[in-house]
Amino acid sequence: MSPETIPGATPDPADGKKRADTTAITNIATLVTNDPSLGAGPLGLIQDAAIVIDGDRIGWVGPSSKAPTTDNRLDAGGRAVIPGFVDSHSHLVFAGDRTAEFNARMSGQSYSAGGIRTTVAATRAASNNELNANVARYVAEARRQGTTTIEIKSGYGLTTEDEARALTIASVHTDEVTYLGAHIVAPEFAEHPDAYVDLVTGPMLDACAPHARWIDVFCERGAFDGDQARTILTAGKRAGLLPRVHANQLTHGPGVQLAVELDAASADHCTHLTDADVDALANGSTVATLLPGAEFSTRAAWPDARRLLDAGAVVALSTDCNPGSSFTSSMPFCIALAVRDMGMTPDEALWSATAGGAAALRRTDVGRLSPGARANLALLDAPSHVHLAYRPGVPLVSAVWQDGELA
């Protein structure tokens, strides 16, 4: 790890006894730990801080003046350090794009789930190498913007073979792999949706379960109703997969209630909620994952994050990166949208994009910077995390460490 390769950072040689494979980053204006026991407020903020990377883990955090002696030392130059973003909802295994659809939508047409079929056709026609190269490109793009943990779904194959290969490709890039054979009913089964549910819960599930951790379903008008979604998620649980749900994006529906009933890790979108839905999320263990990139790209109504937070629900932010309704890999952009249009404070938005995303993946080793956590962090070219919303569209992430390595 060479400090000279980090823009604006300077080496700060240490003396005394050294520990092997350790690096201290000192002179941090604001360190976000997401551990209230270590600093101020829910973000556990430490001013004039330091952090020690010990192998692939965080070894120590505290005041810069008390930083222990380490192998390497880096002066952050009075800039902020935050946990790496945890993007708990993305659809990166695809080919082609939907520029024409976006152009039409921006010219007045409404969004519906039907556009997914365009991507299904392109994805089926693509080679494994093409799909893998696309995933690698978007994962690297996200990492440059501070994302160090990312979930990737299938869902653009909708045949047993294509769903299995999508998951195999996704697993090269992340451990957080989700089987989404139930994205929409495959075109070949348009007149026989129950037969497609049988495929998704039968041979397709058998082929896909070994390559995934999660199972997801698009419970929505034009996709799968509540009974179909329950059948699919229950079958996935029997196969050892953990549930998550695309819920209440386009209309009020049963998705959120189903997610809570089945103890899904997250209900994603949560745009159209009843009071009963909000109460269920506030009183259950299911995280409400909000995806503002989708509302931005479809000109739909914004999710009401303030309503959820005030009720006591756990909220995550994610990109929903996909070629149709949210073609962005930028978590900073989503933070800015959440603050500007969804009623979140800058502190709440950052927490939701880091610790909230970790909760949506039921992870305790990411989304925080406290001793023992993975050394996944981002150095901002700003003195405070608030600049992520204060300066929207500006590339503020100047360096990223993933598992202790400078990415």
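Residues numbered from 1 in each chain as written. Predicted model: local features only at pLDDT ≥ 70, side-chain atom pairs only at ≥ 80, totals over all residues. Heavy atoms only, no water.

Q: Mind laying out the sheet that holds strand β10 (residues 242-247), listing which residues take part and the relevant values?
A: Reading across from one edge, β6-β7-β8-β9-β10-β11-β12-β13 is the order of the 8 strands in this open sheet, with parallel pairing throughout. Taken across any chain shown, the strands that pair with only one partner, and hence form the sheet edges, are β6 (85-87) and β13 (315-317). Neighbouring strand axes in the sheet, compared pairwise and without regard to direction, differ in orientation by 25 degrees on average. This element, helix α13 (residues 346-353), spans β6 and β13 of the sheet and lies at about 80 degrees to β13. (Pairing = 2+ DSSP bridges. Helix = DSSP H or I, 4+ residues; strand = E, 2+ residues; numbered from the N terminus. Axes fitted to C-alpha atoms, helices over the stretch in contact; angles between N-to-C directions. Contact = heavy atoms within 4.5 Å.)

Q: A description of the nonpolar core should follow, citing residues and the corresponding values.
A: Core analysis: the largest hydrophobic core is formed by 87 residues, its most contacted members being Y179, Y196, F224, L281, L308 and L317. Filtering out sequence-adjacent residues up to four positions away, Y179 remains in contact with S154, E163, L167, V200, M204, L205, C208, A212, W214, I215, D216 and L241. (Core = buried A, V, L, I, M, F, W, Y, C linked by side-chain atoms within 4.5 Å. Buried < 20%, exposed > 50% of the residue type's maximum accessible area, 1.4 Å probe, protein only.)

Q: Quick one: what's the story with the confidence of the model for the protein, residue by residue and with numbers?
A: This prediction gives the protein a mean pLDDT of 94; 94% of its residues lie at or above 70. Taken element by element, the protein is modelled with least confidence in strand β1 (residues 10-11), mean pLDDT 56, and with most confidence in β6, mean pLDDT 99. Across residues 1-5, confidence stays below pLDDT 50; counting only partners more than four residues off in sequence or on other chains, it has 12 contacts. Confidence over residues 13-19 falls short of pLDDT 50; this stretch has 16 contacts with residues more than four positions distant or in other chains. (pLDDT = per-residue confidence, 0-100.)

Q: Outline the packing of helix α12 (residues 331-341) against α13, supporting the account with residue identities and numerical values.
A: Across the interface, α12 lies against α13 with an axial gap of 9 Å and an inter-helix angle of 140 degrees. By the angle between their axes, α12 is oblique relative to α13. Crossing geometry of α12 relative to α13 is assigned as right-handed. Contacts between α12 and α13 pair M331, I335, A338 and V339 from the former with P346, A349, L350 and A353 from the latter. The residue makeup of the contact of α12 with α13, split by class, is 8 nonpolar, no polar and no charged. (Parallel < 35°, antiparallel > 145°, perpendicular 65-115°, else oblique. Left-handed = near helix turned anticlockwise from the far one by under 90°. Nonpolar A, V, L, I, M, F, W, Y, C, P; charged D, E, K, R; others polar.)

Q: Any chance you could break down the packing of aromatic side chains for me, citing the residues and the numbers?
A: Taken as a whole, this structure holds 7 aromatic pairs when the rule is applied. The interplanar angle of 75 degrees and the centroid separation of 6.4 Å between the aromatic rings of F94 and Y156 together place this pair among those described as edge-to-face. Here Y156 lies in the loop between β7 (147-153) and α4 (160-173) and F94 lies in the loop between β6 and α1 (99-106), a separation of 62 residues in the sequence. Residue F94 is classed as buried on the basis of its relative accessible area, which comes to 0%. For Y156, a relative accessible area of 3% corresponds to the buried category. (Phe/Tyr/Trp six-rings, centres within 6.5 Å; stacked < 30°, edge-to-face > 60°.)

Q: Any details on the packing of helix α3 (residues 128-144) against α4? Residues and values, ideally.
A: Contact pair α3 / α4: the axes reach a minimum separation of 10 Å and the direction vectors enclose 40 degrees. The angle between the axes of α3 and α4 places the two elements in the oblique class. In this structure, the crossing between α3 and α4 has a hand that is right-handed. Residues N128, L131, N132, V135, A136 and V139 of α3 lie in contact with α4, whose contacting residues are R165, I169, V172 and H173. Residue composition of the contact of α3 with α4, grouped by class: 6 nonpolar, 3 polar and 1 charged.

Q: Run through α4, naming residues and quoting values.
A: Over its 14 residues, α4 extends 21 Å from the first C-alpha to the last, a length consistent with the 20 Å expected when each residue adds 1.5 Å. Against the buried residues of α4 lie α2 (116-125), α3, β7, β8 (176-182) and α6 (203-208). (Expected span 1.5 Å × (residues − 1).)

Q: Hey, could you go over the environment of G155 for me, with residue numbers and the actual values?
A: Relative to the helices and strands, G155 resides in the loop between β7 and α4. For G155 and A182, which are 27 residues apart along the polypeptide, the C-alpha to C-alpha distance reads 6.9 Å. Once residues within four sequence positions are removed from consideration, G155 is found in contact with V120, E163, L180 and H183.

Q: Which residues make up the pairing of strand β2 (residues 22-31), and what values go with them?
A: Counting buried positions along β2 gives 8 out of 10 residues, so the element sits mostly inside the fold. As paired elements, β2 and strand β3 (residues 46-54) share 7 bridges and run antiparallel to each other. If you follow L31 over to β3, its bridge partner there is I46.

Q: Mind laying out α12, listing which residues take part and the relevant values?
A: Residues lying three or four places apart along an α-helix face the same way, a consequence of the helix completing one turn every 3.6 residues. Of all the positions in α12, only M331, P332, C334, I335, A336, L337 and A338 are classed as buried. In this fold, the buried residues of α12 make contact with β6, β7, α10 (292-298), β13, α13 and α15 (387-390). Looking one or two places after α12, you find G343, whose phi comes out positive at around 80 degrees.

Q: Residue-level account of the environment of G343, with values.
A: Relative to the helices and strands, G343 resides in the loop between α12 and α13. Along the sequence, G343 and S384 sit 41 residues apart, while their C-alpha atoms lie 20 Å from each other. Ignoring any residue separated from it by four or fewer positions in sequence, one finds G343 in contact with R306, A338 and E348.

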